[in-house]
Amino acid sequence: MSWMSHKYGAAAARRFITSFNHGVSLDKVGVGMTMAGCLALITDAVRQGQAPLNGSLPARDGNANGRVFTPEQCRQLEKDGYIVMDGFLSTQQVKDARQAIRKLDDDYQFRGSPYETFDGTSSTIRTRDRVIINKIENHLDLVRQHIASFAKCLVDSDFQGFPGDAYLESTSTLHMPAQMQVSICDAVGGIDTRLQTVNNMKSDNEIENGNHRYDGIQKSTHNFYHEHKDSAGADNLGELGIIGWIKSQHLRQRYLTCILYLNTDWKEGDGGCLRVFPTGNSSDALKDGAPEHVDIAPLAGRMIVFSSPTLVHAVMATNVERYACVVWLALV
Ligand SMILES: O=C(O)CCC(=O)C(=O)O
Ligand SMILES: [Fe+2]
């Protein structure tokens, strides 16, 4: 987005024209314009950095739907940095949510990952999946509510946080963002000719986020995520630059990643497992000989929760279309 299109930039430009007419010296005008331009850039970056939390709720205001997060589960999450819970959605809810996602896909609502704009290393993380963020649709909102209910029961539990973090001591609150990200990863080798159409479409959102669009011709031969941490890459000021750093504020606030899967009839050989590395050693992450790891199948109704800043994870290549819904709980 050019700074001139921003409201502050436009206002500055108007001031510039006015003051020029009244004979104000050019160097003062130049300094004024530069300052207005910088302000516009920073204001815009702050807005983008805060965007995913706009409309967020403190997790304690959620509805736990009678669910409890047991002390054993708390200890497990604290100790391992992740936990796997099944049965979050009924068969019908999974079916409805999948149908809603397919409909959005048929309507070309999905697009390339928004990751690729400002975390520096991101384009090497996600490959050829497509995402949609915050589409208000009843069946998907229900998925989001189930994650919210988990967030509420976590806050009500005696979860102590992870070693060395500030969860209990800090005055920060765990927030349930208004946004949920839904992703579809295509099966290996699939060709989606519809992506060509997506490629030719431009939406304001796309331009604003600087998203990559798919070329629509290549086969999806890489449909995995390289190893990464969910809030890493957002704290390297040197690499991001000041504007990128401000824009990525919401990434630094990520505390817990909650992923709910919608893959009905998943079987061994379908791939697409979430591979977690509890020790942090993830060399050759996607290979058979990868260091200590746990592969978690993306089963329908299964929710995985893990520490966003510390747990290294990857997604193995999938042989079937793979659906995942992600909410990042923020400590704000
Ligand atoms: O889809 C998944 O299982 C994980 C996605 C992921 O790691 C991410 O979006 O950062
Ligand atoms: Fe991730």
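By the naming in an unreviewed UniProt entry, the chain is 2OG-Fe(II) oxygenase superfamily-domain containing protein, taken from Nitzschia inconspicua. Under the heading Cofactor (unreviewed entry), UniProt records this for the chain: "L-ascorbate".

Trainee: I tried to follow the packing of aromatic side chains on my own but got confused; where do I start?
Mentor: Where two aromatic rings form a pair, the distance of their centres and the angle of their planes describe that pair. Across all of its chains, the model carries five aromatic pairs by this definition. Both rings, one in phenylalanine 159 and one in phenylalanine 162, keep their centres 5.5 Å apart while their planes meet at 75°; by these two values the pair is edge-to-face. Taken as a pair, phenylalanine 159 and phenylalanine 162 share a single burial class, namely buried. Relative to tyrosine 255, the ring of tyrosine 167 lies with its centre 5.5 Å away and its plane at 10°, an arrangement referred to as stacked. In this pair, tyrosine 167 is assigned in the loop between helix 5 (138–156) and strand 5 (174–176) and tyrosine 255 in strand 8 (residues 254–261), connecting sequence segments 88 residues apart. When its relative accessible area of 11% is taken as the criterion, tyrosine 167 is described as buried. The exposure class assigned to tyrosine 255 is buried, which follows from its relative accessible area of 4%. Taken together, Phe159, Phe162, Tyr167 and Tyr255 form an aromatic cluster joined through their ring pairs.

Trainee: When you look at the site of ligand 1 in this model, what are you seeing that I'm missing?
Mentor: What surrounds ligand 1 is a group of 14 residues, the closest being His228, Asp230, Tyr261, His313 and Arg322. The side chain of tyrosine 261 places a nitrogen or oxygen atom 2.5 Å from an oxygen atom of ligand 1. When isolated, ligand 1 has an accessible area of 290 Å², and the protein chains bury 99% of it. Mapped by element, the contributors of at least two residues to the shell around ligand 1 are strand 7 (225–228), strand 8, strand 12 (312–315) and strand 13 (322–331). It is strand 13 that provides the largest number of residues to the shell around ligand 1, a total of three residues.

Trainee: What is the right way to read the nonpolar core from this model?
Mentor: Generally speaking, nonpolar side chains in soluble globular proteins are found buried as a group. With 43 residues, the main nonpolar core has Phe69, Phe150, Leu174, Met303 and Val305 as its most contacted residues. Top contributing element to this core by residue count: helix 5, with eight residues. Residues contacting valine 305, with those up to four places away along its chain left out, are Leu77, Gly81, Tyr82, Ile83, Met85, Phe150, Leu256, Thr257 and Cys258. In this structure, Tyr82, Tyr225, Ile304 and Val315 belong to the second largest nonpolar core, which totals 14 residues.

Trainee: Hey, could you run me through the coordination of the iron ion (ligand 2) in this one?
Mentor: Ideal donor angles around a metal are set by the shape: a four-donor tetrahedron calls for 109.5 degrees, a six-donor octahedron for 90 or 180 degrees. Bound to the iron ion (ligand 2) on the protein side are His228 (NE2), Asp230 (OD) and His313 (NE2), at distances that span 2.1 Å. Read in sequence order, the donor residues for the iron ion (ligand 2) give the motif H-x1-D-x82-H. Residue histidine 228 shares its accessibility class with aspartate 230, and that shared class is buried.

Reading the values: the criteria
Residues numbered from 1 in each chain as written. Chains lettered and ligands numbered in written order. Predicted model: local features only at pLDDT ≥ 70, side-chain atom pairs only at ≥ 80, totals over all residues. Heavy atoms only, no water. UniProt positions renumbered as here; feature names shortened; annotations may be inferred. Phe/Tyr/Trp six-rings, centres within 6.5 Å; stacked < 30°, edge-to-face > 60°. Buried < 20%, exposed > 50% of the residue type's maximum accessible area, 1.4 Å probe, protein only. Helix = DSSP H or I, 4+ residues; strand = E, 2+ residues; numbered from the N terminus. Near = heavy atom within 4 Å. Polar contact = N/O pair within 3.5 Å; in protein donor to acceptor, adjacent residues only side chain to side chain. Areas by Shrake-Rupley, 256 points an atom, 1.4 Å probe, with all protein chains shown as cover. Core = buried A, V, L, I, M, F, W, Y, C linked by side-chain atoms within 4.5 Å. Contact = heavy atoms within 4.5 Å. Donors = N, O, S within 2.8 Å, 3.2 Å for Na, K, Ca; no water.

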